[in-house]
Amino acid sequence: MSEPKRAEASGGPSMSGFAVQTGLFFRRKLLETLRQPVWIITGLTTPVLYLALFAPLLRSLAGGPAFPPGQVLDVFVPGIMVLIAFGAGMGAGWPVIWELDSGVIERLRVTPASRLALLLGTVLRDIVMFAVPGAVVIAVGAAFGYHVHWSGLVLLFVLLALLTAACSATSSALGLNLKQIGSLAAVVTGVQLPLTLLAGILLPLSLGPTWLRVLGHFNPMYYAVQAARSLAAGTVATGTVGLGFLVMAAITLLAVWWGTRAYQRAMA
Amino acid sequence: MSSPPLPAVQVSGLRKSFRVAGATIEAVSGIDLTVAAGEIFGLLGPNGAGKTTTLRILTTLLPADAGSALIAGADVFRTPLLVRRRIGYVGQLGGADKEATGRENLLLAGRLYGLSAADARRRCAELTAVFDLEALADRAVRTYSGGQRRRLEVALGIMHRPQVLFLDEPTTGLDPQNRANLWEQLRLLREAGTTIFLTTHYLDEADQLCDRVAIVDHGQVIALGRPEVLKQRYSADTIAVAAEASPAVLEAVARELAGDPAIASLVVEHGTIRVTATDATRAMAAVFCALASKGVPTRAASVARPTLDDVFLRETGRSLRDTGTPPVAAEAAA
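The rules we used
Residues numbered from 1 in each chain as written. Chains lettered and ligands numbered in written order. Predicted model: local features only at pLDDT ≥ 70, side-chain atom pairs only at ≥ 80, totals over all residues. Helix = DSSP H or I, 4+ residues; strand = E, 2+ residues; numbered from the N terminus. Rg over C-alpha atoms; globule rule 2.2 N^0.38 Å. Contact = placed C-beta atoms within 7 Å. Axes fitted to C-alpha atoms, helices over the stretch in contact; angles between N-to-C directions. Parallel < 35°, antiparallel > 145°, perpendicular 65-115°, else oblique. Left-handed = near helix turned anticlockwise from the far one by under 90°. Nonpolar A, V, L, I, M, F, W, Y, C, P; charged D, E, K, R; others polar. pLDDT = per-residue confidence, 0-100. Buried ≥ 20, exposed ≤ 12 C-beta atoms within 10 Å, placed from the backbone. Pairing = 2+ DSSP bridges.

## Thoughts on the overall build of chain A
On a plain count of helices and strands, chain A comes out with 12 helices and 0 strands. N-terminal to C-terminal, the α/β element order of chain A is α-α-α-α-α-α-α-α-α-α-α-α. For a compact globule of 268 residues, the expected C-alpha radius of gyration is about 18 Å, and chain A comes in at 20 Å, within 12% of that figure. Taken over the C-alpha atoms alone, chain A extends approximately 70 × 45 × 35 Å along its principal axes. Long-range contacts, defined as pairs at least 24 residues apart, comprise 81% of the intrachain contacts of chain A with a sequence gap of at least 6.

Structure (structure tokens):
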């Protein structure tokens, strides 16, 4: 008996079927975003506003302990990139709750579609929602004096795509488990501040006291920020970068496993 | 090649309980039933009777605590993916993506079941024609009326030509015209060979649409069979004939009628003869004959057919119409 026949007998999907399904869900989610031009506009303007309104404040710090002279944007741009990745991913949970309430998820769960594909459709859309504004920030930043290092830049996008994926899968899992917009909003805004502050996104943690720096080491995003700064500066082959990829890959796997499990069990 | 005639649905000893606020509630407590291929089968019962929970178990959405369930021979618990390929599902919530167009919804559903892009387009054209959705196909579902959305949702459930179509309270919230329309579509589907398994709390839906009905209460099947058989088994037609005659004359008529095989029992009250009939037509003729032989003119006559509510009443002591737990909440929580 041939392989495909046995897969059919047990009801398991084939790899090509899985890829097609992921593509179909990705397209569905991308259309969902394109139908809401507001999100596209704020998605693009917010990071640029950060550059325009926050970066001038940092200029007066140039030459201080954390900022080598003339490299304010080199420190700040990777921070904004991490922020965009976090925001692009964490938005995934809201539509999940609407889809639970309207029965869309229940209907999709009765189809033979892979639950992992269902999750990855959203994850891939969110990666696009990070990458496009991210590219705009790099372009605008470069115009304002950020030094682009091409070798590091590609890896920077890969690293932060992993962070987006982890945030997106986590947000979907939270939405499926909490089921209420209010609860999801409370959890997401509740973790956002400590996570971003303890990652040294806006201001490097090296400015803070020892206890703050120690605390930062328990935050997975801290490793992403450290690696992102290193990559943005063009230093690719460092332990910081390796550790950043290792931590991001681990939390992405964990979050995708959690999100898939949540889709397997989801009930309105 | 014809496949062996497997039952469309085979359920035995199905049980499911939920923990709600520290207490264990048994939503399904030992359901057994078999649905033949090509039937329209209905689960009739009040809200909270366990209908939706049963449907969710059969459609692979919920695990059961005990029992077995086969859909066209495929085990719901061991081979859920195989079951998913064979069934269609139209839930209470509908499940159409409201921001997408009807066509996008249909094409996605078709592709997820493995249709090629071309096959999905063909099938979509076919179904939009059958369900009268062609003019709406490229509009966002959010702009559809309730009846239009329900038609789309049924179309979504049958894109892949499932062997068994499950529908949870399919006509709730529909006006009478849309309701009749949907019944007609379901009958056409059955004629095309699809088995239909639905839940309802409407007596007339179970009675007129379903070939066979299982009446459920507190997670158990309390009566199962063809609606007309159930009604005859548990209850009978009642005839009332009002006549212009003295009580003494009517008593004489009553004596004459006693022993007629079509009449189960007979009482006279307030100038009206009330008959519980085993055969309404013959009993009616017998009453008219007896009255005419005494020269008594009749003023009014009526026949009341038994309903499935009489069956429910006899089994539970309650009327289905009175079991008014808040809609949806009781079962949606489950």
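## Focus on the interface of chain B and chain A
Residue-level contacts link 27 residues of chain B with 21 residues of chain A. Only helix H2 (80-86), strand S6 (87-90) and helix H3 (102-112) of chain B provide two or more residues apiece to the side of chain B that touches chain A. Examining the composition of the side of chain B that touches chain A, we find that 5 residues originate from one element, H2 of chain B, more than from any other.

## Comments concerning the packing of helix H2 (residues 15-34) of chain A against helix H7 (residues 115-143) of chain A
All names here are of chain A. Two elements in contact, H2 and H7, have axes separated by 7 Å at closest approach and are oriented at 50°. Judged by the angle between their axes, H2 and H7 are oblique. In this structure, H2 crosses over H7, and the sense of that crossing is right-handed. Listed contacts from H7 to Phe18, Gln21, Thr22, Phe25, Phe26, Arg28, Lys29, Leu30 and Thr33 of H2 are Ala117, Leu118, Leu120, Gly121, Thr122, Leu124, Arg125, Val128 and Met129. Split by residue class, the contact of H2 with H7 holds 10 nonpolar, 5 polar and 3 charged.

## Let's talk about the confidence of the model for chain B
Residue and element names in this part refer to chain B. Looking at chain B, the pLDDT average stands at 89 and 95% of residues meet or exceed 70. Here residues 324-334 scores under 50 on pLDDT; set against residues more than four positions off or in separate chains, the count is 18 contacts. Across the predicted assembly, pTM comes out at 0.85 and ipTM at 0.87.

## With respect to H3 of chain B
For H3 of chain B, a buried count of 10 out of 11 residues is recorded, marking the element as mostly surrounded by other parts of the structure. Within H3 of chain B, burial applies to Gly102, Arg103, Asn105, Leu106, Leu107, Leu108, Ala109, Gly110, Arg111 and Leu112 of chain B. Looking at the packing, one finds that the buried side of H3 of chain B touches H2 of chain A together with helix H4 (117-130) and helix H5 (146-157) of chain B.

## Overview of the environment of arginine 151 of chain B
Residue and element names in this part refer to chain B. Turning to its location among the elements, arginine 151 is positioned in helix H5. Spatially, the C-alpha atom of arginine 151 lies 30 Å from that of valine 221, the residues being 70 residues apart in sequence. If we skip the residues at most four places from it in the chain, arginine 151 touches Phe131, Asp132 and Leu133.

## Observations concerning the pairing of strand S1 (residues 9-20) of chain B
Residues and elements named next belong to chain B. Of the strand pairs in this sheet, S1 and strand S4 (residues 66-71) are connected by 5 bridges, and their pairing is antiparallel. Bridging from a neighbouring strand, serine 12 pairs with serine 68 of S4. The sheet contact formed by S1 and strand S2 (residues 23-35) spans 10 bridges and is antiparallel. Across the sheet, residue valine 9 finds its bridge partner in S2, namely valine 35. As consecutive antiparallel partners, S1 and S2 are separated by 2 residues, and within that stretch alanine 21 has a phi angle of approximately 50°, a positive value.

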